[in-house]
Amino acid sequence: MASPHAEELPAKGTADPDAHIYEEVTLCERMELSQRLAVEELITTEASYVRNLQLCLSDIRAHLQQKQLSDLDLEGLFSNIDDILHLSRRFLRGLEATAAQEHDQLLGISTLFQEFKEEMETVYKTYCTSYDNALLLVESYRKDPRLQEEIMDTLNATVPHTSASDLSFFLVMPVQRVTKYPLLLGKILENTPAGTSAHQALAMAVSAMAQANANINEYKRQREVATKYNKSEHLTLRDRLARLNTHSIAKKTTRLSRLFMHEAGFVSKTEDKEYDNLEEKFQSVASSVAALKENVASYMAHLEAFLVPAPHKRELQMEEGPAQQYQRLAEHLHRAVFPEFKQRVDRLVWQPLCSLSEMLVGPQQLVKKRLDKLLDYEEIQERKSELGSVTYDEEAAMNTYLAINALLVAELPRFNQLVVQLLGQVLGSLCILHQDLAAEVLHEAEKELKQLPHGHMPLPAFWRLVEDTLQQAGAQLCTFTQAFETVTPSPATQPLTAAEERKVLSLVSKHGPDKLYQVTSNVSGSKDLDLTLQKGQIVALLQRVDTKGNTSRWLVDAGGPRGFVPAGKLQPYSPVQGQQTGMQTPTQESVPDRRRHSYASPEAPRPQVTTFTPAFQMVAGFSFAARSPQEVSLQAGQPVVVLEPHDKKGSKEWSLVEIWPCSAQEKQHSNAADHRILACK
């Protein structure tokens, strides 16, 4: 008979066949419970997040706005948090709606994240990029006792339950939230059985949000690189020289050499058609903004200049009539219409154009820096293909180029579109303002036109009348000019004083007699390099045109100073009879044949000198020994007669002279000549 314990022995050595079923059921229940808790955590934390954003905007920011603190940059602090709140509200409504789907809730959550992925990435890129700047603002406000006190007063009044010490407690929430989405989804994924459709959908949602965070970080890095290089620095030459060192000189030399090889075709240039098209459009937009700004400034200046020389600016005695009517119209336009128009143009056209120009500075700097980094990138790529590896700094330089290029390719299309849109609005505003100005001027002019004799005349007939009147006036002016020139005597040559005669001799020796002109009336210089001369003054003509090609201003030598004189106030100089006699060249009979020339032989016939070319006596300042038959020896103090102040090649270093005789009779004649010259001096 078997023992009652014999049946229990196998039970002790054998496992319960239903135990694993209980364990699997328990594990599934735990996973389901954890999954449900993770979903609840996602929804409840999202709701709490939305409430905190609402507090940040409707309470904290609104309270600070009411304080109207001029030193508080609310836009820099809160950035695009309005967009984040709007997005999060819609996202929360979607999450709460998935609770009604029961078994398909996980699929609904996964689909919701994938649908919101692009929009989340866009709004959080902007906020995360400006977050560091917001922290700098918070830190600067903390150092300002007045601002810090106002901020703490706002926090204590609006959110006392949070015990927040500064605004960074709320500003960090969006940054924390977007990075937590992959973690919350991953927790739900961990408690979802593999192989199910929900598991696959959740895995895709986790991957999408992880990619969104990676894109946000990359965009933030690109913006940091751009911020580093798009600053416009106004450095002095000393500052630029102080920045030069061996490394920077070597780097700039390498870039310049690379650029020359590009232009010469020795090395191929990295082509990026997408970027090239964007840059071409950007440069076109930038030049359009600059041209429009210049044209608007020129237009306003010309319009103001047109109205300034109006009759109301002159104290004229005019009888009542058309001139008086035009005076009233011009005065009204100058004092009322134009100032209002100028104010509207400044507000609606000029200031937006200036803002556009400032907006272009950063991208222009970045485009220039992109070229520098491209040259570095190509150089490093060649070195990498040869050596197989590069240094850490070179790898960082390559990444910098890739970051700048990616940022420009991503941002330039939207930037170009925005600038073109703003430019169109500015042009539209300018057109409307101009139409308003024309309508107002016409309205004011019609009041006066009705009172004029020809106010009701048809426009074509009026223009014919104007043309006929102008032609008649022109003919009358021409007749008067001819009559005036007939009865007006031509300006006579003014006699010269002794000092002026010495100056004439000096000018003749330098430039020749055919270059002499006399000033017909006083000249008062009004521009740079203009001369101020008196009537009758003698000058030598140097050039019949000024530096800008204007033939009405001549360059002259006034016997010392040189400058420009109106051509209409100069006439060729002809000496009066007494001076002409005194400056006459001695004849062949009166002067012995003791002459030497620097370029003619002693036997050569003496060239015929016109009566206008004056010969004058000079005294040798230094002794000179002749070195050839064509030269003559002189002693210091010896008097000579200068026949031509230059040689046959036009060189003024040599002169054709005649030596005076040394006999007693000739000495007496020489002394008389000396006395005559000294008198001229």
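Look a little higher up for the structure.
As the structure is a computational prediction, the values presented were derived from the model and not from experiment.

### Side note on the overall build of the chain
And step 1. Along its length, the chain carries 18 helices and nine strands.
And step 2. Accessible surface, the chain: about 41600 Å² in total, of which carbon and sulfur atoms supply 55%.

### A word on the side chain of Thr 192
And step 1. Turning to its location among the elements, Thr 192 is positioned in the loop between α8 (173–190) and α9 (197–229).
And step 2. Note on Thr 192: relative accessible area 4%, which makes it buried.
And step 3. At 2.7 Å, the side chain of Thr 192 forms a polar contact with the backbone oxygen of Ile 188.
And step 4. For Thr 192, the contacting residues outside a window of four places in its chain are Met 31, Gln 35, Leu 106, Ala 198, His 199 and Leu 202.

### Observations regarding the pattern of salt bridges
And step 1. In total, this model carries 24 salt bridges according to the counting rule given.
And step 2. For the salt bridge of Arg 61 with Asp 82, the shortest nitrogen-to-oxygen distance reads 2.8 Å. Placement of the pair is Arg 61 in helix α2 (residues 19–67) and Asp 82 in helix α4 (residues 81–98), with a sequence separation of 21 residues.
And step 3. Using a relative accessible area of 36% as the deciding quantity, one classes Asp 82 as partly exposed.
And step 4. Residues joined in a network through salt bridges with shared partners are Lys 117, Glu 118, Glu 121 and Lys 125.

### Description of the sheet that holds strand β2 (residues 538–543)
And step 1. Taken in spatial order, the five strands line up as β4-β3-β2-β1-β5 in an open sheet, and their pairing is antiparallel. The open sheet is flanked by β4 (562–566) and β5 (570–572), the only strands paired with a single partner. Across the sheet, the mean angle from the axis of one strand to that of its neighbour is 50 degrees, orientation sign disregarded.
And step 2. Relative to β5, strand β1 (residues 516–519) runs antiparallel, the two being bridged by three bridges. The residue of β5 that forms the bridge with Val 519 is Leu 570.
And step 3. Here helix α16 (residues 498–511) sits on the sheet and contacts β1, β2, β3 (553–557) and β4; the angle it forms with β2, its principal contact strand, is near 20 degrees.

### Remarks on the pairing of β3
And step 1. Here β3 lies mainly inside the structure; four of its five residues are buried.
And step 2. With five bridges connecting them, β3 and β4 associate as antiparallel partners. The residue of β4 that forms the bridge with Leu 555 is Phe 564.
And step 3. Two successive antiparallel strands, β3 and β4, enclose a turn made up of four residues, where Gly 559 displays a positive phi of approximately 80 degrees.

### Quick look at the packing of helix α5 (residues 105–142) against α9
And step 1. As a packed pair, α5 and α9 sit with axes 9 Å apart at the nearest point and diverge in direction by 10 degrees. Between α5 and α9, the angle is such that the two are roughly parallel.
And step 2. Split into classes, the residues belonging to the contact of α5 with α9 amount to 16 nonpolar, six polar and seven charged.

### Comments concerning a nonpolar patch on the surface
And step 1. Judged by side-chain polarity, Leu 477, Phe 480 and Phe 484 come together as a nonpolar surface patch covering roughly 360 Å² of accessible area.
And step 2. In this structure, Phe 484 sits in helix α15 (residues 459–487).

### Observations concerning the nonpolar core
And step 1. Among the nonpolar cores identified, the biggest contains 62 residues, and Leu 77, Phe 113, Tyr 124, Leu 167 and Leu 171 are the most heavily contacted of them.
And step 2. Broken down by secondary-structure element, the contributors of at least two residues to this core are α2, α3 (74–78), α4, α5, α6 (145–158), α7 (168–171), α8 and α9.
And step 3. A per-element tally of this core places α5 first, with 15 residues.
And step 4. If sequence neighbours within four positions are ignored, Tyr 124 has contacts with Tyr 49, Ile 84, Leu 87, Ser 88, Pro 174, Val 178, Tyr 181 and Ile 216.

### Some points on α4
And step 1. The terminal C-alpha atoms of α4, which comprises 18 residues, lie 26 Å apart, in line with the 26 Å expected from a rise of 1.5 Å per residue.
And step 2. Restricting attention to buried positions, one finds in α4 the residues Ile 81, Ile 84, Leu 85, Leu 87, Ser 88, Phe 91, Leu 92, Gly 94, Leu 95 and Thr 98.

What counts, and where the lines are drawn
Residues numbered from 1 in each chain as written. Predicted model: local features only at pLDDT ≥ 70, side-chain atom pairs only at ≥ 80, totals over all residues. Heavy atoms only, no water. Helix = DSSP H or I, 4+ residues; strand = E, 2+ residues; numbered from the N terminus. Areas by Shrake-Rupley, 256 points an atom, 1.4 Å probe, with all protein chains shown as cover. Buried < 20%, exposed > 50% of the residue type's maximum accessible area, 1.4 Å probe, protein only. Polar contact = N/O pair within 3.5 Å; in protein donor to acceptor, adjacent residues only side chain to side chain. Contact = heavy atoms within 4.5 Å. Salt bridge = Lys/Arg side-chain N within 4 Å of Asp/Glu carboxyl O. Pairing = 2+ DSSP bridges. Axes fitted to C-alpha atoms, helices over the stretch in contact; angles between N-to-C directions. Parallel < 35°, antiparallel > 145°, perpendicular 65-115°, else oblique. Nonpolar A, V, L, I, M, F, W, Y, C, P; charged D, E, K, R; others polar. Patch = residues over 30% accessible without salt bridge, like charges linked within 9 Å, V, L, I, M, F, W, Y side chains within 5 Å. Core = buried A, V, L, I, M, F, W, Y, C linked by side-chain atoms within 4.5 Å. Expected span 1.5 Å × (residues − 1).

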